[in-house]
Amino acid sequence: MLLTRYITFRSLATRKLRTFLTLFAIALGVAGIFSIHSTNQSAYISITRLFEGTSGRVSLEVRSAAKVGGIPQELLEVVQAKEGIDWAVPILILPATLPGETPVELDLTFFGAGAGGLILHGIHPEDDPKVRDYEITQGRFLSPGASSREVVLVEDYAREQDIAVGQDVTILTGSGLVDLKVAGFIARDGAGLTNMGKFGVLELALAQELADREGELDHIDIVAGVEGGPASLEELRESLIASLGEAYTVVYPASQGDRMAQMLSGYQIGLNFMAGIALFVGAFLIYNAFSMTVVERTRELGLLRSVGMTHRQVTAEVMIEGVLLGALGAVAGAGGGALMFRGLVELMSQITGQELEVGGLPLGIMAGSMGVGMTVTLLAAALPARQAGRISPLEALRLRGRSDDRWLLRYGWIAGTALLAASAGILIWNPFPYDVQFRLGSLTVFSLFFGAMLVIPVTLQAWQSLWRWPFRLVFGGVGDIGTRNLERAPKRTMLTCAALLVGVSMIVVTQGMTGSFTADLYPWIDAYIGGDVILGSSVPLNRDLKEKLESLAEVDTAAPVRYIQVSWQGEREVEEISFMAVEPDSYTAVTRFVFSDPEVQGEKAVAELSRGRALFISSVISEKYGLNPGDDMRLVTREGEKEFRIAAVVLDFFNQGLGVTGNWADLEELFDIHDVNTFLIKGAEGVEIQEVMTRIAEDYQEEYQLVIESNQAIKQRAGELMNQAFGMFDILGIIAVMVAALGVVNTLSMSVVERTREIGMLRSIGMTRFQVVLMILAEAALLGIIGGLLGLGFGVVLTRIFLAAMGAMSGYVLPFILPVRAFWLSLFVALLTSQLAALLPALRAARTPMLSAIHHE
Amino acid sequence: MNVLLAENLQKEYELGQHLVKALDGISLSIAQGEFVGIMGPSGSGKSTLLHLLGGLDQPSAGEITLAGEQVALLSDYQATLVRRRNVGFVFQFFNLLPTLSAEENILLPLIIDGQKPQAHEDRLDMILKRVGLQERRHHRPDQLSGGEQQRVALARALITRPAIVLADEPTGNLDTQTGTAMMLLLRESAKDLNQAIIMVTHDPRAAAYADRVVFLRDGRVVQEITFSADADLSMRLRHVIITQEELEA
């Protein structure tokens, strides 16, 4: 057996390119699965760790029911007196910044802009460490009493800012500059993870003084002393709600993490889809490569059969090749996956605006992915191996391998047509409930794909006839001979077309989704990032700044904007949505609202908003909850639940579309909020934007720690961010097309090897080398056309399913817009890929020496 | 008139460190309408000679004039064009394209030459009639018998009215009866179409149909028999067998 092993290894070494391609396919699949699952796990662990760290042992939190504004400090005693509570500690959040720390650009995450900055928590130094972990790395923790005027900062952040323990540091808060002594550093762990480590703590009373919020807290964190698990905790929560009254709410800290996890889950679905694609194309490439190896080694294997090797032993020989390649590919894939993992984590961090931890390599996932890689390799190799084992010694010695595809021609189309009919039925007529529809929709993706794939063999002649004339025109008479070759190995043709189909449909989906998104998103971004210049700050901005700004000759209008989270009593449960407060007059002077109904009378709607107690709701909320102009929404304010009338539906994708726009006067009156997040600035007529920015910077940047950015720059970055998000799918499309190209190389190489004698004959009766190249290119071109056109159709259906699924899940209904570019691009890519991939086999065919070919058996 | 003239053909191969002489100074001339058989034991150089005469390979020395062209001096492209228009090939294993019908296989050299098949319908009909395949013209090779496939191959070789048809063991893969029919067809084609044919064969019965039989051994012409037109087949066969035995002795 040693000798046959040697033959197997040598066969791998001889076919270097194919061995490399097969290894690449296996590695690609393993790397895809490994990196994607590791990224998902890393995201989950990071989020869990973040919330566990920042919440510590906190089991419940008391907050204002209105989501905004604080709670009175007296409440602390009420809560502490409650039975079943071990600890109740107060927190006051103090946004701050270090002078000179002001970033040059706004912190732009997926559809939200802020200015970063330092978050300080006002706490009780004796009690808080009992609830959360503070690991002192240098100096000491806070000493009790407001008189100390001390702060403790996260060490990593402090070192970045060149701050040492013991020194005085000047900090800017909403009420101005203050000097605090740095008592010590804490590690960026536990509570130190808050605000991505840009965090510090100070004595509660001092924080209240600096925030100008004496006697106020933001929340009270509770460590419950109850035993008996979640049921008892829920009882405690309900009893707390009952005794504190309607103005306050008691929540589980974990619920804050849900939002982030929800945001990530959408992306994770996309990533899992990618892993599936990687696995499919990998399996296809492996199958193709092994089939080809069997074709080429038939004579050799036949010889081994004729000298006494059994069917099983021959099959085992091929499977050993599979084991070897599977093992090597899995190792390479694990290495590549580790690199991809880091890249994905980086990308995901950028998209979510949340730093994810890479940590050590997840060995479990690595082993699992390698196992999947090995299994897929062996499964993909099993069919060619079985085929090799079934070849009789005589047949093997006389002929090159020939697969029996008759069953595919005879029955494949029946199964294919049935699948296509069923998919069409489901897509057109679907009386099932919404969630069943969604599941069926996902199944349709696969049934459509396999249906289209299975009808390819039986339609080959039709394709060939349909394209005969254009092909004759481009490739001459030999084009006909080339395209007819596809009928000879229907299974191989089918798989190659399927691979091209996947690649092309990925491009169509990417283009379609991008087209549909941008059709809605760009007008919104254009309006949302309105005006000429945007001002932000990491500390709350005083509204008085508006008058100061407008007094500048370079500024025409300054429109203040404030975002808050509000609770809204939806039909089934309380929803949290964002509330963007604007002054309708100044806002419309600077930018505009994008009404989803173009017929709506904008001025009338804005006038209604100006009158107060009115809202513009996002199209997402409108679709998701069936709300329309004229309906009412009940929002929880500091004055209790208040009714707001819906004045119009606008395009608004802030907070993933879960947002409303309200009046500034309502914000001040009902939520008691007076500070500003951002100012949208419209420059005076004839003044350059740069001049506006320079003037604001000179007069107010230092005083207000302003981040000043032109809206053009922000729009550009928003566009880049979007492209980055869509770019992931572009990469997927490119990988799929690349693998399809490798498939075409393999298929045509196999075809050339099998037809060596025939090509020799054609050369001998007068076919030139160039005509041989044309013949193979024609064969590839038809593969490209079939794969391209089917891919285009499949891609369109897939895009529609994705859009429908998104609409069903999030209420975010997008119009289906397929750019004309996508149509041409997909066909061009399919043709170009097939032609480029065919060049190598075509040149190989053209070099076929006639004499050996004629005598070739 | 000679359609093919070979002078002092030499062909050497490197086999490892050894130099093998496949042809050692062969001279040969073929007249229009002449049917020449080439015989000889394995390794005598029969196939090598056929390949050189057909322009499939280049001689190490010597000259070949085919339809007025010095084949040895031509580039690969030029040699291809000469082959396409002046040489017809018939192979032992038929070498038909399985995806094309009998008719399309026959028209293949014209398609390759960029000609419109419709322009050659008369010629096609005539050849199909000659090889007896009018009823089978739309069948694919896998629907044809071995003899029918070889007849398609012969028709393919004849369609371009080549100066010469080269046949490499054309009966090697046929049973005796079908082989005989094939040889009759070849001889009639030579006569009726005034077509020069060179056939390499091991089979004395096949060679007996030729006008002239050239015997090779160790890359040289060692014997030549020319039959008179009225010699009957059994006499020719006996002559070929006796000559073959004498040379092997």
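Quick notes on the rules
- Residues numbered from 1 in each chain as written.
- Chains lettered and ligands numbered in written order.
- Predicted model: local features only at pLDDT ≥ 70, side-chain atom pairs only at ≥ 80, totals over all residues.
- Heavy atoms only, no water.
- Patch = residues over 30% accessible without salt bridge, like charges linked within 9 Å, V, L, I, M, F, W, Y side chains within 5 Å.
- Areas by Shrake-Rupley, 256 points an atom, 1.4 Å probe, with all protein chains shown as cover.
- Salt bridge = Lys/Arg side-chain N within 4 Å of Asp/Glu carboxyl O.
- Helix = DSSP H or I, 4+ residues; strand = E, 2+ residues; numbered from the N terminus.
- Axes fitted to C-alpha atoms, helices over the stretch in contact; angles between N-to-C directions.
- Parallel < 35°, antiparallel > 145°, perpendicular 65-115°, else oblique.
- Left-handed = near helix turned anticlockwise from the far one by under 90°.
- Contact = heavy atoms within 4.5 Å.
- Buried < 20%, exposed > 50% of the residue type's maximum accessible area, 1.4 Å probe, protein only.
- Nonpolar A, V, L, I, M, F, W, Y, C, P; charged D, E, K, R; others polar.
- Arc of directions from axis to C-beta.
- Pairing = 2+ DSSP bridges.
- Polar contact = N/O pair within 3.5 Å; in protein donor to acceptor, adjacent residues only side chain to side chain.

Further remarks concern a nonpolar patch on the surface. Residues and elements named next belong to chain A. A grouping of Trp407, Tyr411, Trp413, Ile414 and Val458 is seen on the molecular surface, where their side chains present a nonpolar patch of about 530 Å² in accessible area. Considering each element in turn, the nonpolar patch owes the most residues, 4 residues, to helix 12 (residues 406–428). As for its position among the elements, Ile414 is in helix 12.

Residues and elements named next belong to chain A. For the pair helix 14 (residues 468–475) and helix 15 (residues 477–484), interaxial distance at closest approach is 6 Å and the crossing angle is 125°. When the axes of helix 14 and helix 15 are compared, the pair comes out oblique. Considering how the two elements wind past one another, helix 14 and helix 15 form a crossing that is right-handed. Residue-level contacts link Arg468, Phe471, Arg472 and Phe475 of helix 14 to Gly477, Val478, Gly479, Asp480, Thr483 and Arg484 of helix 15.

To continue, consider the environment of Asp544(A). Residue and element names in this part refer to chain A. Position of Asp544 among the secondary structure elements: in the loop between strand 15 (533–542) and helix 17 (545–550). Asp544 gets classed as partly exposed once you look at its relative accessible area, which sits at 45%. Here the alpha-carbon distance between Asp544 and His674, two residues 130 residues apart in the chain, equals 9.8 Å.

Helix packing for two helices is described by the angle between their axes and how far apart those axes are. Residues and elements named next belong to chain B. One way to put it is that helix 3 (residues 102–112) packs onto helix 5 (residues 146–158) with a least axis distance of 7 Å and a crossing angle of 30°. Judged on the interaxial angle alone, helix 5 and helix 3 are roughly parallel. Crossing angle aside, the handedness with which helix 3 passes helix 5 is right-handed. When helix 3 is examined against helix 5, the residues Ala102, Asn105, Ile106, Leu108 and Pro109 are found in contact with a partner set consisting of Val152, Ala155 and Arg156. Of the residues that constitute the contact of helix 3 with helix 5, the class distribution is 6 nonpolar, 1 polar and 1 charged.

Our next topic: helix 3 (residues 74–81) of chain A. Residue and element names in this part refer to chain A. Within helix 3 the residues assigned to the buried category are Leu75, Leu76 and Val79. The arc that holds every buried residue of helix 3, seen down its axis, measures 105°, which confines them to one face. Exposed residues pointing more than 90 degrees away from the buried face of helix 3 are listed as Glu74, Glu77 and Ala81.

Moving on, we come to the sheet that holds strand 5 (residues 69–70) of chain B. Residue and element names in this part refer to chain B. The strand order 2-1-4-5 describes an open sheet built from 4 strands, whose pairing is antiparallel. Taken across any chain shown, the strands that pair with only one partner, and hence form the sheet edges, are strand 2 (18–31) and strand 5. Where strand 1 (residues 2–15) meets strand 4 (residues 61–66), 5 bridges bridge the pair, whose relative direction is antiparallel. Counterpart to Leu4 in the pairing with strand 4 is Leu66. In this fold helix 1 (residues 46–53) packs onto strand 1, strand 2 and strand 4, with an angle of close to 125° to the strand it touches most, strand 1.

As a further point, take the side chain of Gln195(B). Residue and element names in this part refer to chain B. Position of Gln195 among the secondary structure elements: in the loop between helix 6 (176–192) and strand 8 (196–200). Within the structure, Gln195 has its side chain in polar contact with the backbone oxygen of Pro162 (distance 2.4 Å). If near-sequence neighbours (up to four positions away) are discounted, Gln195 is found in contact with Gly33, Glu34, Leu158, Pro162, Ala163, Ile164, Val165, Ser189 and Ala190.

Applying the stated rule across the entire model yields 41 salt bridges over all chains. With a closest N to O distance of 3.3 Å, Arg140(B) and Glu487(A) form a salt bridge. Residue Arg140(B) is found in the loop between helix 4 (121–131) and helix 5, and its partner Glu487(A) is found in the loop between helix 15 and helix 16 (490–528); the two belong to separate chains. We classify Glu487(A) as buried; its relative accessible area is 16%. Several salt bridges share partner residues, and in doing so they unite Arg543(A), Lys546(A), Glu547(A), Glu550(A) and Glu583(A) into one network.

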